[in-house]
Amino acid sequence: MVAVAILAAGRGTRMKSNLPKVLHGLGGRSLVERVLNSLSDIEPSRRIIIVGYQGHLVQEALASFSDVEFVEQAEQKGTGHAIQQLLPHLAGFQDDLLVLNGDVPLLRPETLQQLLKTHQQHQNAATILTAQLPNPKGYGRVFCDSQNIVKQIVEDRDCSPAQKQNHRINAGVYCFRWPDLERILPQLKANNDQQEYYLTDTVSFLEPVMSVDVEDYQEILGINDRKQLAGAYEILQARVKDDWMAAGVTLVDPDSITIDETVQIEPDVVIEPQTHLRGKTTIRAGARIGPGSLIENSEIGENVTALYSVVTDSTVKSGARIGPYAHLRGHVEVGSGCRIGNFVEIKSSTVGDRTNVAHLSYIGNATLGERVNIGAGTITANYDGVNKHPTVIGDRTKTGSNSVLVAPVTLGADVTVAAGSVVTKDVSDDSLVIARARQVTRAGWRMKPQAESEE
Ligand code: UD1
Ligand code: CA
């Protein structure tokens, strides 16, 4: 069975970062995590990550991958030197070794499977993944005969002007028959522009080495700087959005929308411009999200609308209307048919079906019943400076404008709270509560004229 080695020891100087290159994030996952995920269609006997620069950070970041092994390359003297570190660890190993660059994150699992199949069918000493790039600058050039047998790989910086005309590039993905590679690894020399030991030099000593062109060259793009990282994100996003459009989702102005790969969307959803769907989010049929909304780790029910709003870690049930300018966060559950409107923040609360919180409110740590009407400017004062306290509001209760409900407090069902009240005590069902100073009006009263100040 095949073993896998991932090269992840380099600093990635061109990223200009303190973080090792392979830990830079791409659509919510690190580069190296994506490379690991591209192995999903093969079942490697071992997965070895070669770490060096800030290796402990790479190990920590991959702690959830339980059966991954780490081998240290203390000094980074090139990709060939990195693979030399495996010699003591793979002594006696008789099978194939798949080598992947840790900075090539867009590979499709099928592509790796195809590479392995070709390698095994032809019983090659090595098989390398190549691509014809419109702009091959920066990549190693692969020189083959007419039968796709590789003769030599020359790095861009070592190429003559004539060699640079070759657009067939090395993807940094290789399958080696390990016993053959093991034999020649110690012979590598660092006689090149960078004075490094190049893994690519091994192909000149192995026989036969075959090249396999990838169909979609975007898969093999390597990330060396921030611009390439941004380019890779665009490619990932294009894949995701194309898939959702094919599955029946309308994206209005796709370029202005971002969708994480972890998001699920049902058919007949409309995503309006400037909308971002992140994390473990599900959007059910008929919903219309945006323009201008951010939905993260949330479940949005059928026919919900969310206009210029932010919803995180929350559930919104069918037919609710969110926004414009609402913010739901920290485990909010909004019932069906609710209206959560202009400049309303709701935190850690449950809102019953058909309840409205339509204007300028803060609702925190509260449980609202069904068909409640929260008047404009109502605030739950849930925090005493030390602890958070709950507010409970029964079915059909109405709060007047600008009322403050000082928690902990419970209002029963069918309660009416007068505008401007500061409610500090529990109120039972079917009550009117007025908790404010009575209005005093003095008829015929006028302010005394002020004495003119003298200069
Ligand atoms: C490499 C290939 C080049 C290929 C390109 C594809 C070599 C010599 N060149 O070039 O032919 O077209 O990838 O993307 O292999 N690394 C280590 N230890 C080291 C040096 C590098 O682990 O001592 C790791 C890096 O962390 C990185 C990977 O190897 O993940 C590739 O290194 P990088 O320096 O980016 O190689 P390229 O110049 O891109
Ligand atoms: Ca690279």
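Residues numbered from 1 in each chain as written. Chains lettered and ligands numbered in written order. Predicted model: local features only at pLDDT ≥ 70, side-chain atom pairs only at ≥ 80, totals over all residues. Heavy atoms only, no water.

Chemist: I tried to follow the sheet that holds strand 30 (residues 356-359) on my own but got confused; where do I start?
Modeler: Within a sheet, adjacent strands bond to each other through the backbone by hydrogen bonds, running parallel or antiparallel. Strand order in the open sheet made by the 11 strands is 12-15-18-21-24-27-30-33-36-39-41, with parallel pairing throughout. Looking along the sheet, the strands with just one partner apiece sit at the ends: strand 12 (250-251) and strand 41 (432-433). Bridge count for strand 33 (residues 373-374) against strand 36 (residues 398-399) is two bridges, and the pairing is parallel. Considered in strand 36, the bridge of Asn373 is made with Lys398. (Pairing = 2+ DSSP bridges. Helix = DSSP H or I, 4+ residues; strand = E, 2+ residues; numbered from the N terminus.)

Chemist: Please explain the nonpolar core as it appears in this structure.
Modeler: Within soluble globular proteins, side chains that are nonpolar tend to cluster in buried spots. In this structure, Ile322 and Ile340 are the most contacted members of the largest nonpolar core, which totals 46 residues. Elements that contribute at least two residues to this core include exactly helix 7 (226-246), strand 25 (326-329), strand 28 (344-347), strand 32 (366-368) and strand 38 (409-411). Look past the residues within four positions of Ile340 in its chain and what remains in contact with it is Arg321, Ile322, Gly323, Ala326, Leu328, Val334, Ile346 and Val357. Counting residues in hydrophobic clusters, the runner-up holds 35 residues, among them Val51, Leu98, Val104 and Leu129. (Core = buried A, V, L, I, M, F, W, Y, C linked by side-chain atoms within 4.5 Å. Buried < 20%, exposed > 50% of the residue type's maximum accessible area, 1.4 Å probe, protein only. Contact = heavy atoms within 4.5 Å.)

Chemist: Looking at this structure, I do not really get the side chain of Thr391. What am I missing?
Modeler: Secondary-structure assignment places Thr391 in strand 35 (residues 391-393). What makes Thr391 buried here is its relative accessible area of 0%. With near-sequence residues (within four places) excluded, Thr391 lies in contact with Asn365, Ala366, Thr367, Thr380, Leu405, Ala407 and Val409.

Chemist: It is not clear to me how the site of ligand 1 should be interpreted in this structure. Could you clarify?
Modeler: In the region of ligand 1, 24 residues are neighbours, and Gln73, Gly78, Thr79, Glu155 and Asn170 sit closest. Within the side chain of Lys21, a nitrogen or oxygen atom sits 3.3 Å from an oxygen atom of ligand 1. At 2.9 Å from an oxygen atom of ligand 1 is found a main-chain nitrogen or oxygen belonging to Gly140. Expressed as a share of its isolated accessible area of 760 Å², the protein-covered part of ligand 1 is 91%. If you list the elements that add at least two residues to the shell around ligand 1, you get strand 1 (3-8), helix 3 (79-84) and strand 10 (168-177). With three residues, strand 10 is the single largest residue contributor to the shell around ligand 1. Its residues placed into classes, the shell around ligand 1 shows eight nonpolar, 11 polar and five charged. (Near = heavy atom within 4 Å. Polar contact = N/O pair within 3.5 Å; in protein donor to acceptor, adjacent residues only side chain to side chain. Areas by Shrake-Rupley, 256 points an atom, 1.4 Å probe, with all protein chains shown as cover. Nonpolar A, V, L, I, M, F, W, Y, C, P; charged D, E, K, R; others polar.)

Chemist: What should I look at first to understand the coordination of the calcium ion (ligand 2) in this one?
Modeler: Geometry reference: four tetrahedral donors at a metal, ideal angle 109.5 degrees. Six octahedral donors, ideal angles 90 or 180 degrees. Every protein donor of the calcium ion (ligand 2) is listed here as Asp103 (OD) and Asn224 (OD1), and their distances to the metal cover 2.3 to 2.5 Å. One end of the pair, Asp103, is in the loop between strand 6 (96-101) and helix 4 (109-121); the other, Asn224, is in the loop between strand 11 (209-213) and helix 7, with 121 residues separating them in the sequence. Exposure remark for Asp103: the relative accessible area of 12% places this residue in the buried category. Judged by its relative accessible area of 16%, Asn224 falls in the buried class. (Donors = N, O, S within 2.8 Å, 3.2 Å for Na, K, Ca; no water.)

Chemist: Please clarify how the environment of Leu86 should be interpreted in this entry.
Modeler: Among the structural elements, Leu86 can be located in the loop between helix 3 and strand 6. Along the backbone, Leu86 and Ile48 are 38 residues apart, and their C-alpha atoms lie at a distance of 8.8 Å. Not counting residues up to four positions away in its chain, the partners in contact with Leu86 are Ala5, Ile48, Ile50, Val71, Leu97 and Trp178.

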